[in-house]
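# Structural overview for review
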Amino acid sequence: MPFKHSRSKYYQVEMRDLPGVGWTGRMSTRTTSRRLAERMERCLVHLAERSLLEPVWRDLLDRVIAKEVKLPDLLQASSAGTLEQLLRGLTDPPLAEAVEAWLAEADPGRTVRMGADHLLRLAPETARFSYVCNTASVRTLCLDLEATGLKRNSVRRMLLRAISLLLRHHLGTAERNRILADLNYTAEDDTREVLLEPQQIAGLLNACHTLASDTGSPLYRELGLVVQLALATGADRGVLVAGRRAGGTAAGLTWAQLRIYQEDDGTLTGEVYLDDRKAKARQRTVRLGAALCDALVQQAAVTNTGPTSQVFQLGYEQMDYHWNKARLRADLPRLRFKDLRSQFAIYGQRAGIAQATLMGAMGHTDMAQTARYARHQATLTPDQAATIESLMGLAPTG
């Protein structure tokens, strides 16, 4: 039963046998009415009994006992039939409150704080924390901020990093990774490494050729050649295909940047100058193999009208549509075009090419950027692998 001390005008509740809990400790009702205090006590007992049948209510019960939720607020929600909203407000707080709690504990730095400000400005005023737990909402926020004139790398560095840290703070790393795994925004993580197996690469190129046959569009055939160039040179799509893009113009590859030679044995070799203006070190010349040179000679018969003419008729604005069709046909729905760049470094490491050589071919500014791909290279000899298996007791017996 509720009680009050002689020196206090307010009733308190302290239960010794609350179902599923036991002793509750003393909780203030903030009321001078005994009848109202009794209603609060009955409401608390009802919540405890309900939490035994429906565990989802246990979180609300624990917060009441911990005095994070006051008994008057519990009674008011129960009387108004809004207990579900009260529970949702605890597990899904307003976005502004979630951001404030994160910033108060984490102190992530000026740039990320700017990203948090952008998040609160762009999100709906009534948005709750669950809003940023939705991949589509995160992509919309990124595109909305980009539409204000901010470059994609800035969006990624400020807004997307702020969202990533916010999710990790409240949900943990694993859940953060799950939410952002399907984020279809080209700049969400420029250092993401995706390893494509040879059969997957072949499947992607076959998808381009199949779509070219099915649709009668030569642009899919060109897309297959663009993919091969990206795989063989580590070039981004803005360097290979011309047209408008967000924040500027994609220069595209011209025939003047290509040199193809015929060796004494009749095979073709060549090189391409990549006018990659993202950074000064990214401008580079890369050697081409015979198969790619053969394909480029065939392409020249279609588009080579002079040194300054574009190698591809496929435009930058058309890339997304055709690329999405091809990757879905190849059963690679999460593959970004940018992921093709890393294949050049990964397979270069597997081929035993010196890191200094790969560094120049990739246009990296320091060796550390190239060295991270070395983890995809097998470092154990067969004898070493067999020894490990033997010590583990995994080696076949007799």
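Model, not experiment: these values are computed from the prediction.

### A closer look at the overall build of the chain
A tally of regular secondary structure across the chain gives 18 helices and seven strands. The burial tally for the chain puts 41% of its 398 residues in the buried class. A separation threshold of at least 6 residues defines the contact pool for the chain, and within that pool the share at least 24 residues apart is 59%. Here the chain has roughly 21500 Å² of accessible surface; of this, 51% comes from carbon and sulfur atoms.

### Remarks on the pattern of salt bridges
Enumeration according to the criterion identifies 14 salt bridges in this entry. When the shortest N-O distance is used, the salt bridge between D59 and R63 registers 3.1 Å. You can see D59 and its partner R63 sitting in helix 2 (residues 58-65), four residues apart, about one turn around the helix. What makes R63 partly exposed here is its relative accessible area of 26%. Ionic contacts of the salt-bridge type, sharing partners, join the residues E14, R16 and R26 into one network.

### Some remarks on the confidence of the model for the chain
Residues with a pLDDT of 70 or more make up 90% of the chain, whose mean pLDDT is 86. Mean pLDDT values for the elements of the chain range from 71 in helix 17 (residues 367-371) up to 95 in helix 10 (residues 198-215).

### Structural notes on the side chain of R284
Mapped onto the secondary structure, R284 falls in strand 7 (residues 284-288). Among the polar contacts listed, one links the side chain of R284 to the backbone oxygen of G234, at a separation of 3.2 Å. Setting aside residues no more than four positions away along its own chain, R284 makes contact with T233, G234, A235, V272, Y273, L274, D276, R341, G360, A361, M362 and G363.

### Side note on the packing of helix 6 (residues 110-122) against helix 8 (residues 152-171)
Contact geometry for helix 6 and helix 8: axes closest at 7 Å, N-to-C directions at 85°. On the basis of their axis angle, the class for helix 6 and helix 8 is roughly perpendicular. Residues T111, V112, M114, G115, A116, H118, L119 and L122 of helix 6 form the contact with helix 8, whose participating residues are R157, M158, L159, R161, A162, I163, L165 and L166. Among the residues making up the contact of helix 6 with helix 8, the classes are represented as eleven nonpolar, three polar and two charged.

### Some details on the packing of helix 1 (residues 34-53) against helix 3 (residues 71-80)
Two measures define how a pair of helices packs: the angle their axes make with one another and the distance between the axes. Axis separation between helix 1 and helix 3 bottoms out at 9 Å; the angle between their running directions is 75°. As far as their axial angle goes, helix 3 and helix 1 are roughly perpendicular. Seen from helix 1, the contacting residues are L36, R39, M40, C43, L44 and L47; seen from helix 3, they are L71, P72, L74, L75, S78 and S79. Broken down by class, the residue content of the contact of helix 1 with helix 3 amounts to nine nonpolar, two polar and one charged.

### Some words on the environment of H46
With respect to the helices, strands and loops of the structure, H46 is situated in helix 1. Separated by 32 residues in sequence, H46 and S78 place their C-alpha atoms 9.9 Å apart.

### Some remarks on the pairing of strand 6 (residues 268-274)
With five of seven residues buried, strand 6 is to be regarded as a mostly interior element. Note: strand 5 (residues 258-262) against strand 6, five bridges, orientation antiparallel. Residue pairing in the sheet places L258 in a bridge with V272 of strand 6. Linking strand 5 back to strand 6 in an antiparallel pair, the connection comprises five residues, with G266 at a positive phi of about 95°.

### Some points on helix 10
Given a rise of 1.5 Å per residue, 18 residues ought to cover 26 Å, and the 26 Å separating the end C-alpha atoms of helix 10 matches this to within 8%. Where helix 10 is concerned, the buried positions are I201, L204, L205, A207, C208, L211 and A212. Down the axis, helix 10 shows its buried residues gathered within 140° of arc, on one side only. Structural note: helix 10 exposes Q199, S213 and D214 on the side pointing more than 90 degrees away from its buried face.

### Brief notes about unusual backbone geometry
The backbone of R30 sits at a positive phi, close to 55°, despite the residue not being glycine. Structurally, R30 can be placed in the loop between strand 2 (27-28) and helix 1.

### Considering the nonpolar core
Counting 51 residues, the largest nonpolar core has L204, V227 and L340 as the members making the most contacts within it. Ranked by size, the runner-up nonpolar core spans 28 residues in total, among them A127, L141, L165 and L166.

The rules we used
Residues numbered from 1 in each chain as written. Predicted model: local features only at pLDDT ≥ 70, side-chain atom pairs only at ≥ 80, totals over all residues. Heavy atoms only, no water. Helix = DSSP H or I, 4+ residues; strand = E, 2+ residues; numbered from the N terminus. Buried < 20%, exposed > 50% of the residue type's maximum accessible area, 1.4 Å probe, protein only. Contact = heavy atoms within 4.5 Å. Areas by Shrake-Rupley, 256 points an atom, 1.4 Å probe, with all protein chains shown as cover. Salt bridge = Lys/Arg side-chain N within 4 Å of Asp/Glu carboxyl O. pLDDT = per-residue confidence, 0-100. Polar contact = N/O pair within 3.5 Å; in protein donor to acceptor, adjacent residues only side chain to side chain. Axes fitted to C-alpha atoms, helices over the stretch in contact; angles between N-to-C directions. Parallel < 35°, antiparallel > 145°, perpendicular 65-115°, else oblique. Nonpolar A, V, L, I, M, F, W, Y, C, P; charged D, E, K, R; others polar. Pairing = 2+ DSSP bridges. Expected span 1.5 Å × (residues − 1). Arc of directions from axis to C-beta. Core = buried A, V, L, I, M, F, W, Y, C linked by side-chain atoms within 4.5 Å.

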